[in-house]
Each structure stands twice: as structure tokens, then as C-alpha cells.
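# Structural features, examined
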Amino acid sequence: MQIKKAAVIGAGVMGSGIAAHIANAGIPVYLLDIVPNAVKEQGGDRSVIAKTAIEKMLKTDPAPFMHKKAASLVTPGNIEDDLEKLGDVDWIVEAVLENPKIKHDLYQRLEKVRKDGSIVSSNTSTIPLNVLLEGQTDRFAQDFCITHFFNPPRYMRLLEVVKGERTKQEVIDTVSQFCDVTLGKGVVRCKDTPGFIANRIGTYFMQAATNEAADGGLTVEEADAIAGKPMGLPKTGVFGLIDLVGLDLGPLISKSLLSTLPADDDYRRIVRQDPIVEKLIAEGYTGRKGKGGFYRMQKLPDGKRAKEALDLKTGQYRPSEKPSLDSARARGLKALVSHPDKGGQYAWRVLSQALTYAADLVPAIADTVVEVDEAMRLGYAWKFGPFEMIDQLGADWFAERLAAEGKRVPELLKLAAGRSFYRVENGKLQFLGTDGEYRDVERAEGVLLLSDIKRASKPVQKNGSASLWDIGDGVLCLEFTSKMNALDADIMAMIRKAMEIIGDGKSGPYKALVVHNEASNFSVGANLGLALFALNIGLWPQVEQSITEGQMTYKALKYAPFPTVAAPSGMALGGGCEILLHSSAVQAHAESYIGLVEVGVGLLPGWGGCKELLIRHTVNKKRPGGPMPPVAQAFETISTAKVAKSAFEAKELLFLKPTDGITFNKDRLLADAKARALELAKDYKVPEPVEIRLPGPTAKVALEMAVEGFALQGKATPHDLVVSKAVASVLSGDETDITRVVTEDELYALERKHFMALVKTPGTIDRIEHMLETGKPLRN
């Protein structure tokens, strides 16, 4: 069975978000909700709730829709007038109030209209599946499961799937495959237990972390400094995360868990009602969505805003202070929990409880440790799952410390004595099963991970910033390995080495190149630290040489006799975007954020970015006629540092070509890119240079006047004028005229000329220094 049309019932934040993400994948979806009583009594739009939800999502940031056009695939309606329309959908997602009676009544109505074999799932996070099925027919039960999305559905990768005793296996396989491949979710099979996996462990962790902060006399800032990046958790920390999701959500999840958890579950021991939190919620301090939470922003008399933090003892706000804990700088989890200061003691108290709790829950909540670790990484954005953390501490060390403190050692931890929960054997990642035997971690069909290849082989070539890997079938993969994948001379050298190894793509063992890595970001651009060092000591020839080398390397890649497929995910900015522009094709993860952002540091794209974007606008068949529109469109994109917030937006901005591919599941990106490279290699033809004619000085003056107009309105700073005029000079062709053809090499020369002029200005140096110090652009 295939899912070609879907429906979501319940247009709240979760339901509407699920509908939006289904539409992101190109699937038509109905979004239904109730008819409000006021409308029934007074008249009006009976589908107002669903329509309002769609309108709100179009204005929400971060956006639930990957592109505005996706909203047209969501059809609003209501469950009184439109339920029969669901007779032709393949999958119905229920996302209504967490009230079993409301759900039961809805299911009985759905059973009368849905077609044979259609799947019905609940997005519940708190109600057991067997409770949901009370009073339902066998036909309904066979097609029913739980699909628990995490909020926001577009961005959070975890999808917990729960199968009932009567659920057909085909239903689970169909919905799992669809959510994996089409929606890009990390599908984890869970057992029908309270809170499933992620919320069961996540709720316990949050409670332990808040308890120990209060009991240990830590401030919220100190707790967040430890229970954040040092633990491999989101940088918000625990209190910042509670503010983000909402203080009012915690008590609801806790109440639901307590109603279904076993009597001896350890969560019952640590759960506590906090009068301070109850008071905050009652007064509207529900976190970022309310007036504040554990943190809040206060307006000062001078109009500026200051951050305040809650005192956990008094419940009063005070100015937020930057914590100074030595333990927060500890390297590695073991060093953190062994540190003698109060931060290290706090880390141990929290993790010793949370990791013990997780170990006690396998196999009750999931068959293996793999599902548990996957759920916490994807659902709570932990860098490492609980059992990966135990391996970092050492299972024996962890067990011995628990025992030394008179604490119980879980049976699963005893089983790992002398071993670890994960190991690499014959190049294969393996996990320790609950029977004490190791098994291979299986990958789904169509999943190819660079991390697996790296375990099983050695690089073909390697230097300080990049590696080349043989990913099979005659395809090489170029991996960036520098900090934040910033581009430098070593990466350029490795690109040239890849071209040398592949050669003509026919006579040797290799025929194509894929550019890919599994870091959070594909590349944030050139290494600004190295650039600033060179600028501060006046190494102008070296700076110009690095620009020339980058241009010539990218140009050689573009015109190589073999195909290059770039496979980005996360940010591909500046030079990272420029390598995409010079590749034969791109297979992008849907959540790719692509842009030429150099103006933010007072520069312009100098490795062919201006040239390539200008060419794309020139050959774009949808553009208006005449020589000026391509120049103006490229200028607007570059001078305002536009960043595409999805691969779909990247196509609209021409950072991606119409023929470039989009992959929703990040784990499938490398396999898709490799397949694209092999397809191109069959009869690859080197691209022909594009001849362009540029309008020259008249266009340059027109663009400069436009920027000066923005400056008069206060929308452009003095140095914005300097940088924008340099961009205008390059894109207009400078002193050329419309009668002559401008070559790529001439455009490269213009990029170099104006790039070098900009790096010598104090305004640009100030922007680079400010970006390196703060991570934010300077408006000078």
C-alpha cells in the first residue's frame, strides 16, 4: 500500500504542524477541526479553526512550511461537514485533545467513512494504545497504530511508532516506510508503555535535573551551563529547554505518566510539585510563549532589554549572571562527573539517576539499547543516547561508583561487566543485546552512512581539514573535517587531489565525486580566523593567492571530465554555497540552509559565487527579458545576504537548479547522492561555458542609487554602501558594455579586484573581528 493522500484531525499546534510537514513532502492533506460553538450559534465560517491554523503557520517563525506553495496542499475543513471526504485518504492522523472519550467518539465516526485498508493513527504521547482501542471494532484495531511526532513536526526527526496486538504488520511497515523516506523521520519502534521512550526518559531527566539544581544550591544559569553542552545536550540547558517547550506542559505530562506508570517506577520517587513553578504558571509565566519562565527579558529605562533569571529559593527574578564553573570546561563526560566542584557533583547526581533509570527500562520500553539511544538523540537532541553515555564513562567504572555509593546497579549494567554497550567488530558497529550477545546495528535499505564506511575502511587520502573515502561502485566522497567545516587551503588541496585521483573518470577505478559530511553543517564558509590573521599583518599577496586558488579549484571542478554531486545538510554558507554552485548536481537534504552571506563580514563572494549566481539568473527561462533583470536579481540576493531556509527555497533563489534533488531523510542523503553521481557518470558531458553580456556602467549606477536610497531610509549602513557598490561593480560587468561577451575568467578577475579592495577597508576588518568575537554581524 502507498500513502498518496492524508488527513489530520485536530488543528492545534501539533496537528497543523503534522499537516504542514505532510504537505512539505508534496502529499495532499485535509486538516479538520470542530465547528466552534460561537459559529454554530451566530453563523460564520464553519472551518475557521483549520483555516486560521494555516494562516498562522504561514506567518510562524521557524516556519512549519518548507515553502509557501506547500500550504496550497492543505485543505481546511471541519469534522461535521467534511468527514466523508476522508473516504478517499490513505492515512488519517488523529491529533485531538488527550481525552480518551473524545478520541473514542471520533474513531467510531471515522470507522463509518474510511475506506478499507486506510491507516488510522493517533499522535498521543500519553494514552496507551490499548486504552485508545477500547470499544473499537476489530477492523479498526487492525488498521490502527500510534505515530507520535515531536514538536515542531518539521524540525524534530523522531517519530515513535507503537503497534497494537491486533495491528496488521503491513500497517506498521507502510506508515514506517512513508514517514522514513517521504517525511524524513527517524522511525523508532516502541512498546505500548507509558510515555513510550523519549518522554519517559526525558521527563525523568528533566525532573532529576531541576530537583538536583534546587537541592544542590545551583542557580538556573549554573545548572544550564552543566546540563547542556558539557553533557552533549542542547545548549539551552534544562531550564532553558523548559522555557522553550512551556512550563505548563511538564505538569500535564507528569500527571499522565503518574496515572499509568508501575507502582515501583523510580519517577514516582523523584517527582515533586514545586510551588514556585505553580505560581509562575498561574501568573502567565509559562516560558517563551508567555511572559517568561525561568528566564525573562525585561525592558530597561533606556529602552534596552536585559535578561533576568529566577532565583530558585525565593521565586524572585534577578539580573542574569554568567556562571563561572570550572567543571563546565571539563573535556569528556567522565571528567565532568569526576570534577570536584559543585557543577561536577551536580552532573554526577543527575546522570547517575537518569542513566540508571534508562538501563532499568530495557527491554520493557524497547527491545534494544539502540532504539533508546536513537529516540533520545532524535527526540531530545541529545548528542549521545544514555547507553552511549555509559560507554563514555565506562560501564564498569559507572557500576563501581554506583556500588561504592550504596546505590543499586541495574541488571543490564551488570550484563555489560567487562564490556561496553557498543563495539566495532570487523568494521561493523554492534550493540549488546539483553541476552548478553552482540549483534550488528542494522541499517534500513537505502541508508548509507559515511560513519559506517569510516569504521570499515581507511581514507584514500587525508590531511588536516579533509578526507577522501571510497564509498563503493567507483565513487569517491570528499569529507570536510575542519572546525565547523570552514574552508581552507587544505580543503582546496584535497579537491585538487580528488580530481587527480579520478582523472578522466573512465580509465581509472573512480568515475564520480560526492561532496558530503555528517557534521551539523555542510560548511559555514571560509576560515575567517586565518583570513583575519593575514589581514592584520598585511599579507595581501597571500590573501589574493587564496582567492585565486579557490576560484581556479572550483572552476576546475566545474569543468572536470567526471560528475561532482554535492550533498549538503545544515548550513552551506559563503564558500560552502559556492562549491554547490560549481558542482555538476546537488542532492540536498530538505533542511539545508544555503546562502551567499559574505556581505555580513564586509566582503563579496570571491570564489565564483557572484559569477555563478549571475549565470543562473541569465539562463533562467522564467526571468523577464532584457540585460538588467539577471543583474538586479543576483544583486538583491547577494547584497541582502539572503539565506534559503529549506532546499525548496534554495531552488527559488537559484542556489539549487530545478534538476537538483531533495532528500527528506538525512540518513538517506549519501545513498541518494551516490546514485545521482552514478547516473550522471553513464554518459557525462562537461558543461559548455555560458556566454553572457552585461549592461556595464548604467546598471552599476542604477544599483548604487538604489542602495543609496536604502541608506537614506536608514535601511543600509555606511559600510553597507561600500560593500554593495563593490557587488554592483562585479555583477554589472564594471566598465563593460552590452555589445561584448564577458567571460568567466573576466568575472573571476572582477571578484578578485573588488574582494581585495574590500579587505583593505577598516569597516570590513571590523566586521570580521566582530563576527569572530560574537558570532553576529556588525552593522557599521
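The rules behind the values
- Residues numbered from 1 in each chain as written.
- Predicted model: local features only at pLDDT ≥ 70, side-chain atom pairs only at ≥ 80, totals over all residues.
- Heavy atoms only, no water.
- Axes fitted to C-alpha atoms, helices over the stretch in contact; angles between N-to-C directions.
- Helix = DSSP H or I, 4+ residues; strand = E, 2+ residues; numbered from the N terminus.
- Parallel < 35°, antiparallel > 145°, perpendicular 65-115°, else oblique.
- Left-handed = near helix turned anticlockwise from the far one by under 90°.
- Contact = heavy atoms within 4.5 Å.
- Nonpolar A, V, L, I, M, F, W, Y, C, P; charged D, E, K, R; others polar.
- Core = buried A, V, L, I, M, F, W, Y, C linked by side-chain atoms within 4.5 Å.
- Buried < 20%, exposed > 50% of the residue type's maximum accessible area, 1.4 Å probe, protein only.
- Phe/Tyr/Trp six-rings, centres within 6.5 Å; stacked < 30°, edge-to-face > 60°.
- Arc of directions from axis to C-beta.
- Lys, Arg positive; Asp, Glu negative; His and termini not counted.
- Salt bridge = Lys/Arg side-chain N within 4 Å of Asp/Glu carboxyl O.

### Things to note about the packing of helix α21 (residues 489-502) against helix α23 (residues 540-558)
One can describe the packing of α21 onto α23 by two numbers: an axis separation of 10 Å at closest approach and a directional angle of 30°. Classified by the interaxial angle, the pair formed by α21 and α23 is roughly parallel. Read as a crossing pair, α21 and α23 show a hand that is left-handed. On the side of α21, the interface is formed by M492, I495, R496 and M499, while α23 contributes E549, G550, T553, Y554, A556 and L557. Of the residues belonging to the contact of α21 with α23, the class tally is 6 nonpolar, 2 polar and 2 charged.

### Describing the nonpolar core
Formed by 108 residues in total, the largest nonpolar core has its most connected members in L86, M231, F294, Y346, F387 and F421. Considering every element that reaches this core, the biggest residue donor is helix α15 (residues 342-360), with 10 residues. The next biggest cluster of nonpolar side chains, apart from the first, holds 76 residues, and it includes L476, M499, C577 and L653.

### Focus: unusual backbone geometry
For the peptide bond that leads from D61 to P62, omega is 5°, which places it in the cis range. Here P62 lies in the loop between α3 (48-59) and β3 (74-78). With an omega of 15°, the peptide bond running from V362 to P363 counts as cis. With respect to the helices and strands, the residue P363 is situated in the loop between α15 and α16 (369-380). One non-glycine residue with positive phi stands out, namely L654, at about 70°. Within the secondary structure, L654 is located in the loop between α27 (647-652) and β24 (661-663). A positive phi angle, close to 60°, is found at D734, a residue other than glycine. Tracing the sequence through the fold places D734 in the loop between α30 (718-732) and α31 (744-759).

### Some words on the environment of T564
Relative to the helices and strands, T564 is located in strand β19 (residues 564-566). Once residues within four sequence positions are removed from consideration, T564 is found in contact with L513, V515, L557, S583, S584 and A585.

### Notes on the packing of aromatic side chains
In this structure the tally under the stated criterion is 16 aromatic pairs. An angle of 10° between the planes, with centres 4.0 Å apart, marks the rings of Y204 and Y357 as stacked. Remark: Y357 occurs in helix α15 and Y204 occurs in helix α8 (residues 198-215); sequence separation between them is 153 residues. Each member of the pair Y204 and Y357 is classed as buried. Note on Y285 and Y317: the rings are 5.8 Å apart at their centroids and 40° apart in plane angle, and the pair reads as tilted. Residue Y285 is found in the loop between α13 (275-282) and β9 (295-299), and its partner Y317 is found in strand β11 (residues 317-319); the two are separated by 32 residues along the sequence.

### Thoughts on helix α17 (residues 386-393)
Within α17, burial applies to P386, F387, M389, I390 and L393. Down the axis of α17, the sector holding all buried residues measures 150°, keeping them to one side. Buried residues along α17 sit against α14 (333-338), α15, α16, α18 (395-404), α19 (411-415) and β12 (422-425).

### A short note on the side chain of D33
By the element assignment, D33 lies in strand β2 (residues 29-33). R109 provides the closest opposite charge to the buried, salt-bridge-free D33, at an N-O distance of 10 Å. Ignoring any residue separated from it by four or fewer positions in sequence, one finds D33 in contact with G10, A11, G12, I49, G77, N78 and I79.

### Some points on the pattern of salt bridges
In this structure the tally under the stated criterion is 57 salt bridges. For E221, the salt bridge identified is with R318, shortest N-O distance 2.7 Å. In this pair, E221 sits in helix α9 (residues 220-226) while R318 sits in strand β11, placing the two residues 97 residues apart along the sequence. One network of salt bridges, with partners in common, ties together E111, R114, D116, R139, D143 and K168.

### Structural notes on the packing of α8 against α16
At a minimum axis distance of 9 Å, the contact between α8 and α16 shows a crossing angle of 70°. Taken together, the axes of α8 and α16 lie roughly perpendicular to each other. The two elements α8 and α16 meet at a crossing, and its hand is right-handed. Residues A198, N199, I201, G202 and T203 of α8 touch α16, and the partners they reach there are V372, A375, M376 and Y380. Here the residues of the contact of α8 with α16 sort into 6 nonpolar, 3 polar and no charged.

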